Amino acid sequence: MSSALDAATASRIDHVFFVACGGSLSIMHPAKFMLDQASASLPSDVYNAAEFTSRKPRRLTPQSLVILCSMTGTTRETVAATRFARETGARTIVLTTDTDSPLAQAGDHVVDFEAPYTTGVPIDAKNSNYARLYQLVLGLARAFDGNTQIDALLASLGNLQTAIDKAQETFAPLFDDYAPRLARKDVIYTMASGASYGAAYSFAICVLMEMQWINSQAIHANEFLHGPFEVLDEDSAFILFKGLDSTRALEERAETFLTRFGSAENIMVLDAETLDLSGIDPALRGNLVPLIFFDTLWRFAYKIADLRGHEMLEARRYMKKLDDY
Ligand SMILES: N[C@@H]1[C@@H](O)[C@H](O)[C@@H](COP(=O)(O)O)O[C@@H]1O
């Protein structure tokens, strides 16, 4: 990690690109959110890897830093995006759980992380993809903007797993209550804004759609009021994240509308204000809460899977079953 950061910051960079696919892309949105608030000098963009390679942004130059992530390190689009970035002369940092993977071989610098999905072994959240990415972001902000939050981040990450474990207990009665109703739904929307939007996106596309074949869409909490709210009625099912970042008011406004025309029994609200976040720096709570949302919801997903008789990882038809697409 520190050697990747040292190399990436050895000379001036003027733009950061966050690039990945699917669940690995979902963590890039909160990374940009953090960089936007921590750095005045580093603009950034978030791209799906195939879009990045196809769009060929003119802004990509040898002064760019491209941060890419693939849990397996094998996602073809992300490997191709890494090669494309290097061909332009940009610096690349790749995050993966497999340091021998094609992605690791393609990047300039490799940062490894842990994921329970690959090994089945529980991890400490301080070693997760989010944790590593946030360290990179605040490392960049320290190097180029004199931001000093990195020590608070490291201390907070050390206490994060305890906060997640406590959150599992806090949310358990909510999950027990909502699982039987939501498991019967054909459509469940997720909703969030700011730092939590990526977790809502990932839960919609990777968990509800990919692993449970439940129709879903992550709706940005304010965009909801600009079209999507027309589908709302008493049967509509939503999972709303209420985080602690500076966009919380957007999520609260969406909740007010949801509960005005929807039915509370189909609207599951995860409110970070109900959590015990001791040991997490108040200024970073908004950034770290999405890890808690996603991790706790992962357990909720297994509850739904049991009720539906639809195995979480094994029941896929296409993902990891086909490779000719
Ligand atoms: N649902 C999966 C995700 O879980 C995974 O993150 C992504 C990319 O895979 P990887 O992270 O290995 O590049 O593919 C799909 O979207």
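The protein is annotated in an unreviewed UniProt entry as SIS domain-containing protein of Oceanicola granulosus.

(A) The domain arrangement of the protein, seen in detail. Domains assigned within the protein are domain 1 (2–153) and domain 2 (174–308). Distance between the C-alpha centres of domain 1 and domain 2: 26 Å. Contact with domain 1, which involves 18 residues of that partner, is made by 20 residues of domain 2. Summed over both sides, the interface between domain 1 and domain 2 buries roughly 1,400 Å², with carbon and sulfur atoms accounting for 71% of that surface. Its largest share of buried area at the contact with domain 2, domain 1 owes to Phe33, Tyr117 and Tyr130, together 35% of the area lost on that side. Where domain 1 packs against domain 2, one counts zero salt bridges.

(B) Main features of the UniProt feature "domain: SIS" (unreviewed entry) in the protein. Using the residue numbers shown here, the UniProt feature "domain: SIS" (unreviewed entry) corresponds to residues 1–146. Secondary structure content for residues 1–146 is 47% helix and 18% strand, and the end C-alpha separation is 19 Å.

(C) Examining the environment of arginine 59 more closely. You can see arginine 59 is positioned in the loop between helix H4 (49–55) and strand E3 (64–69). In this structure arginine 59 comes out as partly exposed when scored by relative accessible area, which is 40%. Once the C-alpha coordinates of arginine 59 and aspartate 14 are considered, the two residues, 45 residues apart in sequence, prove to be 9.4 Å apart. Excluding residues that lie within four positions of it along the chain, arginine 59 makes contacts with Asp14, His15, Phe17 and Ser64.

(D) View of the pattern of salt bridges. Tallied over the entire structure, the rule returns 14 salt bridges. One salt bridge in this structure joins aspartate 271 and lysine 242, with 3.5 Å as the shortest N-O distance. One end of the pair, aspartate 271, is in strand E9 (residues 267–271); the other, lysine 242, is in strand E8 (residues 237–242), with 29 residues separating them in the sequence. We note that aspartate 271, like lysine 242, is buried. For glutamate 273, the salt bridge identified is with arginine 248, shortest N-O distance 3.3 Å. Placement of the pair is glutamate 273 in the loop between E9 and helix H12 (285–308) and arginine 248 in helix H11 (residues 248–261), with a sequence separation of 25 residues. Salt bridges here are not isolated pairs; linked through shared partners, they connect Lys242, Arg248, Glu252, Glu255, Asp271 and Glu273.

The rules we used
Residues numbered from 1 in each chain as written. Predicted model: local features only at pLDDT ≥ 70, side-chain atom pairs only at ≥ 80, totals over all residues. Heavy atoms only, no water. Domains from an automatic or database assignment. Contact = heavy atoms within 4.5 Å. Buried area = accessible area lost by both parts, 1.4 Å probe. Salt bridge = Lys/Arg side-chain N within 4 Å of Asp/Glu carboxyl O. UniProt positions renumbered as here; feature names shortened; annotations may be inferred. Helix = DSSP H or I, 4+ residues; strand = E, 2+ residues; numbered from the N terminus. Buried < 20%, exposed > 50% of the residue type's maximum accessible area, 1.4 Å probe, protein only.

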